[in-house]
Amino acid sequence: MSGKRSLMGMTLLVFGLSWLYPLWPREQALHSSLTVVGLILLYWHDRRAAMTVRAYALVCLFIAAHCLAARWLYSNVPYDRWMDAMFGWSPGQAWGVTRNHTDRLIHLLYGVCLTPALVEWLARRYAIAWRQAAQLAVLLVVVSSVAYEWFEWLIAITLSPQDAEAYNGQQGDMWDAHKDMLLATIGALCWWPFYRHHEETGYTRRLAPTAGGERVLAAR
C-alpha cells in the first residue's frame, strides 16, 4: 500500500508542477479534465479491486506522461529542443521531421500502460485464463481508442477551429485518428509475447477463492 501511495503522490506532484505558470490555461484545463477523471478512477478501482503494484505504476506513468504533454498541448512539447540541449542531437534535423509526435507517444503508452491493469481486472472479474483476458484487454484498448477519437470529432465540430486544433493536435494530418488508434493497439499487443512466455513462469495468473467465497487474483 505504501508503494501505491508513493506512486499516487508522485503522480499528483507531476500534475501540480504541470500547472506552474501555465502557457495556455484554458486549453490545458480541457486536457487536464481527463487527468482528473483518470486519477479518480484509478483510486476508486484500486479500492474496489486491489491492483498489483506493477499495473498501478504503469497507469500512474501514463497519467504523468499525459500531464506533461497536456502542459504544452501535445503539439508544442519542445522535446526536439530538449534533446539538442542535452545531447547535441536533434531528432527533427536528423530525420527531417517537422511534425510534433508527442501525441503519437501518448497513444502508444495508452496501450502499453493500461493493458496489464485490464488483464488483471478481466481475469479477476470473469475468472478467465490469462490468454482470454489478454485478448479482451486488447479489444478494450481498441474500442476505447475509437470512442476517444469520436470524442475528438465532437470537439472538432463543437469548438472553434482554433480551439479544436489546440485540443486535437492533428497538425494537418488527415489520418491522425487512424494512426493514433493503430499505435494504441500496437502498445496493447506488445504485452502478448510477455504473457505467452510467462504463462507458467514469472507472470502466471491464477484465481484463488477466499474465505468469503470471492475470488482474488494472484501473480507470481
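Structure shown above.
S.K.: How would you explain the pattern of salt bridges if you had to name every residue and give the values?
M.R.: Pairing between side chains of opposite charge can happen when the charged atoms of each approach one another. One pass over the structure, following the stated rule, counts seven salt bridges. Residues Asp 46 and Lys 4 are paired through a salt bridge, measuring 2.8 Å at the closest nitrogen-oxygen approach. Taken together, the residues span a long stretch of sequence, with Asp 46 in helix H2 (residues 25–48) and Lys 4 in helix H1 (residues 2–17) at a distance of 42 residues. Looking at Lys 4, the relative accessible area reads 9%, which means it is buried.

S.K.: Please give an account of the environment of Leu 140 that cites residues and values.
M.R.: You can see Leu 140 is positioned in helix H7 (residues 130–158). C-alpha separation for the pair Leu 140 and Leu 118, spaced 22 residues apart in sequence, amounts to 8.2 Å. Discounting chain neighbours no more than four positions away, the residues touching Leu 140 are Leu 118, Trp 121 and Leu 122.

S.K.: Can you lay out unusual backbone geometry for me, pointing to particular residues and giving the numbers?
M.R.: Its identity is not glycine, yet Leu 73 carries a phi of approximately 55°, on the positive side. You can see Leu 73 is positioned in the loop between helix H3 (53–71) and helix H4 (79–87). With a phi close to 65°, Tyr 74 is a non-glycine residue in the positive phi region. A residue is classified by how much of its surface remains accessible, and Tyr 74, at 12% relative accessible area, is buried.

Criteria and cut-off values
Residues numbered from 1 in each chain as written. Predicted model: local features only at pLDDT ≥ 70, side-chain atom pairs only at ≥ 80, totals over all residues. Heavy atoms only, no water. Salt bridge = Lys/Arg side-chain N within 4 Å of Asp/Glu carboxyl O. Helix = DSSP H or I, 4+ residues; strand = E, 2+ residues; numbered from the N terminus. Buried < 20%, exposed > 50% of the residue type's maximum accessible area, 1.4 Å probe, protein only. Contact = heavy atoms within 4.5 Å.

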